[in-house]
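Each chain, letter by letter, is given below.
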Amino acid sequence: MIQCKECGATQYEGALFCSECGRFLMEDGRAATDVLPFSDYGHRPPPPPPDDFRLEALPEAKNITFVIPHSRHRRVIGLAGQIRVGRSGSETDDFPELDLTDENGAELGVSRVHATIQWSNHGLVLIDLESTNGTLLNNYRLPPKRPYPLRSGDEIRFGDLLIHVFFE
Amino acid sequence: MSGETTYYSILGLSVNASSEAVREAFATRVAQFPTQAEDNPEYQKLLQAYEVLNDPERRSVYDSLMAEMSPSPLVVNVQLSRSRLPVSNTPQILYLLIEVNPPRQNAKARRPLNLCLVLDRSTSMQGQRLDFLKSAVELVVDKLAPEDMISVVAFSDRAEVVQPPIHVAHKSAIVHHVRNIRASGGTEIYQGLLAGVGQLRNTPLSQYNNHLILLTDGHTYGDAQECINLSAQAAAQQIGISAFGLGNEWNDSFLDSLVTSSGGQSAFIEEPAQIVAHLQQRIQGLGMIHAQNLRLIKDFPAHVRLQYAFKLLPFAQPLEANGSEIKLGNIEGKGALSFLLELALQPQQHEGRISVPLDIAADIPGRNAKDQVFKNRAQILVTANPLEAAPPKDLVKAVRMLNMYRMNEKVWEEIEAGNVGVAATRLQHLTTRLLEAGEIKLAQQAHAETERLASMGSLSAEGWKRLKYGTRAMIGETVRMENNDSV
């Protein structure tokens, strides 16, 4: 059972609007991505993206390992095309390859469509997709929609969720 | 079409998506590609889908190609407020937004319409009401196709056939007869309905789309149950019924239940000048019924209970949730039929899967198919750690509007139960919500009725109808705007 914050009426779980006063029951927490206070790391200007950058087909299959320190989870994802980072939602049946829903993603400020990792002529690149709380690469806050080369051992923060990346 | 890639699925759109929705979907998707993605095949596909769907001409060619390839005469799309539920010791609510689409077809699917207008000519109709009604009939006749049949019945305490079924081509005769209707007498709706249904039956029902439109401004006394029985018989013979109430004397719950068995529309016409607009909107699409007599077969598991059912498209109308089937009406024109279900689930104390059958039965006149069943089901996962996903936006929007309509109903229930204070508080809440939704006129109406309730202890008959049918119309308009501009 849940309680309406406005009129205090008890409502069944899953109700979208309070049947007594009409208030929307889901606006905080569950439905929306939490906006976190702006974090303190990395205000240094990010390195400029390479000029001659272009996406390329991957020459051979590649495994990328993601380590999530707070849950001690380790995810190995084969790169084919792209690795989308985000949370799964009910609007689409589309699951991002690196789905952070179960890593407490919503609370830690991970957007549904947060970032993507792709292959280019400069190797692996990370691109923030205009996420609500931004993406930090080694404490650099990335401007959205610009590619930044990734190296093995890099530290990425999606919102407030810290992840280490390793690959060969 | 499930699983198949279409230009619509590439953009994540329903086939009824408006041109705005196409542009919006493209913009969001293209933003996910890096700046120089010309070589990316996914990007190319997206671009191609957009170019076709954004061009009305190319889109209609594509639609007709798709229709020819589509094996099923109906396409059902189900959206859930949540597809994963937490394990819980208390009951939970689940909303389902179900959309039934005809495949895009060409206009050849039209069958002639067999329409009967049953018009109230009681004394109270005298003057403006009857004048507007007469000119509305003329305009309706103009809108129909030459092969359509029309008949007209006028009733007071008895009924007379003003115009037996005749091809619309004979317009001048029809207009002449309708002009001669004179107001006098009381209101006995059953007489009018009986005569109207009789006129429709004079035409071979199986070759036509049959519809009766009742227009009244009064209460009927003593014959309400007979009317409802008759409408059920008519529905069984593929005769649809819609009912319009004028002014504030008529009985709203009676008109609502009169149209239930055929899935027709009941609505309130505030001003005589609006008669034309309401009738025109109603007959639009009536001649192009792609599927009729749609029913949701209610075969829910024991722990799933249907609390509320409401039709959103082609018009907003509460549905009768009791009984073994929910009567949904027809798919009119090219547009979809959609409806919302509110389900209450008994406490789910263990992980598992809930499967809710959502089979829809329909008659498809174009294929001579009767009671064809379209199988569907919704799958819900019960898990200890459900994913936290936001419910689909369309669904939330529809539930928001519906909730306001129901708050309104509850105001009435409280008043009937004598709880005027509770009713007034609720009405105040409703005023706030209507304001939030930008429905200024309805909010003012709700505010005026709150004050009236506080000082006199009751609502005005007219104010109540305005609120009830106003919030209902608001649902329809919201959903229509969302859905399409193609009907």
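Residues numbered from 1 in each chain as written. Chains lettered and ligands numbered in written order. Predicted model: local features only at pLDDT ≥ 70, side-chain atom pairs only at ≥ 80, totals over all residues. Heavy atoms only, no water.

**With respect to the overall build of chain A**
Logical step 1: Looking only at helices and strands, chain A features zero helices and 13 strands.
Logical step 2: Secondary structure elements of chain A occur, N-terminal to C-terminal, as β-β-β-β-β-β-β-β-β-β-β-β-β.
Logical step 3: For chain A, the proportion of its 168 residues judged to be buried stands at 48%.
Logical step 4: If you take every contact in chain A between residues at least 6 apart in sequence, the share linking residues at least 24 apart comes to 46%.
Logical step 5: A total accessible area of about 8,300 Å² is found for chain A, and carbon and sulfur atoms account for 48% of it. (Helix = DSSP H or I, 4+ residues; strand = E, 2+ residues; numbered from the N terminus. Buried < 20%, exposed > 50% of the residue type's maximum accessible area, 1.4 Å probe, protein only. Contact = heavy atoms within 4.5 Å. Areas by Shrake-Rupley, 256 points an atom, 1.4 Å probe, with all protein chains shown as cover.)

**Considerations on the pairing of strand 12 (residues 155-158) of chain A**
All names here are of chain A.
Logical step 1: One ladder, built from three bridges, connects strand 9 (residues 135-137) with strand 12; its direction is antiparallel. Note on strand 12: the bridge partner recorded for T135 is F158.
Logical step 2: Relative to strand 13 (residues 161-167), strand 12 runs antiparallel, the two being bridged by four bridges. Residue E155 lies in a different strand from strand 13, and its bridge partner there is H164.
Logical step 3: Linking strand 12 to strand 13, which pair antiparallel, is a turn of two residues; within it G159 sits at a positive phi near 65°. (Pairing = 2+ DSSP bridges.)

**Looking at the packing of aromatic side chains**
The geometry of an aromatic ring pair comes down to the distance between the two centres and the angle between the two planes.
Residue and element names in this part refer to chain B.
Logical step 1: On inspection of all chains with the given rule, the structure shows nine aromatic pairs over all chains.
Logical step 2: Arranged with centres 5.7 Å apart and planes meeting at 45°, the rings of W250 and F268 form a pair that is tilted. Of the two residues, W250 sits in the loop between strand 8 (239-246) and helix 9 (252-260) while F268 sits in strand 9 (residues 266-269), which places them 18 residues apart along the sequence. This pair shows no difference in class: W250 is buried, exactly as F268 is.
Logical step 3: Ring-pair connections join several aromatic residues into one group, and the members of that group are Y7, Y8 and Y62.
Logical step 4: Sitting over the ring of Y308, R406 keeps its end group 3.9 Å from the ring centre.
Logical step 5: Directly above the aromatic system of W250 lies the positively charged group of K465, at a separation of 5.0 Å from the ring centroid. (Phe/Tyr/Trp six-rings, centres within 6.5 Å; stacked < 30°, edge-to-face > 60°. Lys NZ or Arg CZ within 6 Å of the ring centre and 35° of its normal.)

**Here's the deal with the sheet that holds strand 8 of chain B**
All names here are of chain B.
Logical step 1: Judged by pairing direction, the sheet is mixed, and its six strands sit side by side in the order 6-5-4-7-8-9 without closing on themselves. Each having just a single partner strand, strand 6 (159-167) and strand 9 make up the two edges of the open sheet. In this sheet, adjacent strand axes meet at a mean angle of 15° when their direction is disregarded.
Logical step 2: As paired strands, strand 4 (residues 113-120) and strand 5 (residues 149-155) are joined by seven bridges and run parallel to one another. Residue pairing for strand 5: L119 is matched across the bridge by A154.
Logical step 3: Sitting on the sheet, helix 7 (residues 189-201) is in contact with strand 4, strand 5, strand 6, strand 7 (209-216) and strand 8, with an inclination near 160° to strand 4.
Logical step 4: Against the sheet, helix 10 (residues 275-283) engages strand 4, strand 7, strand 8 and strand 9, with an angle of about 160° to strand 7. (Axes fitted to C-alpha atoms, helices over the stretch in contact; angles between N-to-C directions.)

**Examining helix 12 (residues 420-436) of chain B**
Note that an α-helix has 3.6 residues per turn; residues three or four places apart therefore point the same way.
Residue and element names in this part refer to chain B.
Logical step 1: The end-to-end C-alpha separation of helix 12 is 24 Å, in line with the 24 Å expected for 17 residues at 1.5 Å each.
Logical step 2: Restricting attention to buried positions, one finds in helix 12 the residues A423, A424, R426, L427, L430, T431, R433 and L434.
Logical step 3: One or two residues past the end of helix 12 sits G438, with phi positive at roughly 80°. (Expected span 1.5 Å × (residues − 1).)

**Description of the side chain of T203(B)**
Residue and element names in this part refer to chain B.
Logical step 1: Relative to the helices and strands, T203 resides in the loop between helix 7 and strand 7.
Logical step 2: You can call T203 buried: its relative accessible area is 4%.
Logical step 3: Contacts of T203, omitting those with residues within four sequence positions, involve N114, M149, P165 and Y208.

**Regarding the confidence of the model for chain A**
Logical step 1: Here chain A averages 79 in pLDDT, and 83% of its residues register 70 or above.
Logical step 2: The low-confidence segment residues 28-45 of chain A, where pLDDT is below 50, has 40 contacts with residues more than four positions distant or belonging to other chains. (pLDDT = per-residue confidence, 0-100.)

**Considerations on the nonpolar core**
A general trend in soluble globular proteins is that nonpolar side chains are found buried together.
Logical step 1: The biggest cluster of nonpolar side chains holds 46 residues, and the ones touching the most others in it are L16(A), F310(B), L312(B), L434(B) and I475(B).
Logical step 2: Not counting residues up to four positions away in its chain, the partners in contact with I475(B) are F310(B), L312(B), A316(B), M401(B), L402(B) and Y405(B).
Logical step 3: In this structure, L80(B), V100(B), V304(B) and I354(B) belong to the second largest nonpolar core, which totals 36 residues. (Core = buried A, V, L, I, M, F, W, Y, C linked by side-chain atoms within 4.5 Å.)

**Quick notes on the pattern of salt bridges**
Side chains bearing opposite charge may pair, as long as their charged atoms lie close to each other.
All names here are of chain B.
Logical step 1: With the rule as written, the count across this model stands at 22 salt bridges over all chains.
Logical step 2: Across the salt bridge formed by D252 and K468, the nearest N and O atoms sit 2.7 Å from each other. A residue pair is termed long-range when its members are at least 10 positions apart, and D252 in helix 9 and K468 in helix 14 (residues 461-483) qualify at 216 residues.
Logical step 3: Assessed through its relative accessible area of 13%, D252 is described here as buried.
Logical step 4: For K468, a relative accessible area of 7% corresponds to the buried category.
Logical step 5: Between E325 and R295 there is a salt bridge; the shortest N-O distance is 3.8 Å. A residue pair is termed long-range when its members are at least 10 positions apart, and E325 in strand 13 (residues 325-332) and R295 in strand 10 (residues 289-297) qualify at 30 residues.
Logical step 6: The structure contains a network of salt bridges with shared partners spanning R295, E325, D363, K370 and D371. (Salt bridge = Lys/Arg side-chain N within 4 Å of Asp/Glu carboxyl O.)

**Some words on the interface of chain A and chain B**
Logical step 1: Opposite the 34 residues of chain A that make contact, chain B presents 31 residues.
Logical step 2: For the pair chain A and chain B, the summed buried area comes to about 3,100 Å², and 54% of that belongs to carbon and sulfur atoms.
Logical step 3: Viewed at the interface, chain B and chain A are joined by one salt bridge.
Logical step 4: The partner of E20(A) in a salt bridge is R426(B), with the nearest N and O atoms 3.2 Å apart.
Logical step 5: Scanning the region where chain A abuts chain B turns up six residue pairs in polar contact (both at pLDDT 80 or more). (Buried area = accessible area lost by both parts, 1.4 Å probe. Polar contact = N/O pair within 3.5 Å; in protein donor to acceptor, adjacent residues only side chain to side chain.)

**Considerations on the sheet that holds strand 10 of chain B**
Residue and element names in this part refer to chain B.
Logical step 1: Reading across from one edge, 13-10-16-17 is the order of the four strands in this open sheet, with antiparallel pairing throughout. If you trace the sheet from one side to the other, it starts and ends with strand 13 and strand 17 (369-374), each paired once. Strand-to-strand twist across the sheet, computed as the mean angle between neighbouring axes with direction ignored, equals 25°.
Logical step 2: Strand direction decides the pairing type here: strand 10 and strand 13, joined by six bridges, are antiparallel.

**Digging into the layout of surface pockets**
Residues and elements named next belong to chain B.
Logical step 1: In this structure, the second largest pocket occupies an estimated 1,100 Å³ of space.
Logical step 2: Along the walls of the second largest pocket sit 38 residues, with H278, Q281, A473, E477 and R480 positioned nearest its centre.
Logical step 3: Contributing elements (two or more residues each) for the lining of the second largest pocket: strand 9, helix 10, helix 13 (440-456) and helix 14.
Logical step 4: Considering each element in turn, the lining of the second largest pocket owes the most residues, nine residues, to helix 14.
Logical step 5: The residue inventory of the lining of the second largest pocket, partitioned by class, reads 14 nonpolar, 14 polar and ten charged.
Logical step 6: The two domains that each donate at least three residues to the lining of the second largest pocket are domain 2 (113-283) and domain 3 (395-485). (1 Å grid on protein atoms, 1.4 Å probe; cavity = no way out; pocket = protein on both sides within 12 Å on 5 of 7 lines; lining within 4 Å. Points joined across faces, edges and corners; volume = space filled by probe spheres on them. Nonpolar A, V, L, I, M, F, W, Y, C, P; charged D, E, K, R; others polar. Domains from an automatic or database assignment.)

**Remarks on empty space enclosed by the protein**
Vacant regions in the atomic arrangement are exposed by a probe of water-molecule size rolled over the atoms.
All names here are of chain B.
Logical step 1: Counting across every chain of the model gives six cavities of 30 Å³ or more.
Logical step 2: Considered as a void within the structure, the largest cavity measures approximately 130 Å³ in volume.
Logical step 3: Along its surface, the largest cavity is lined by 16 residues, and Q238, G240, S262, N293 and N330 are the ones closest to its centre.
Logical step 4: When contributions to the lining of the largest cavity are tallied by element, the ones reaching two or more residues are strand 7, strand 8, strand 10 and strand 13.
Logical step 5: The greatest single-element share of the lining of the largest cavity, amounting to four residues, is contributed by strand 13.

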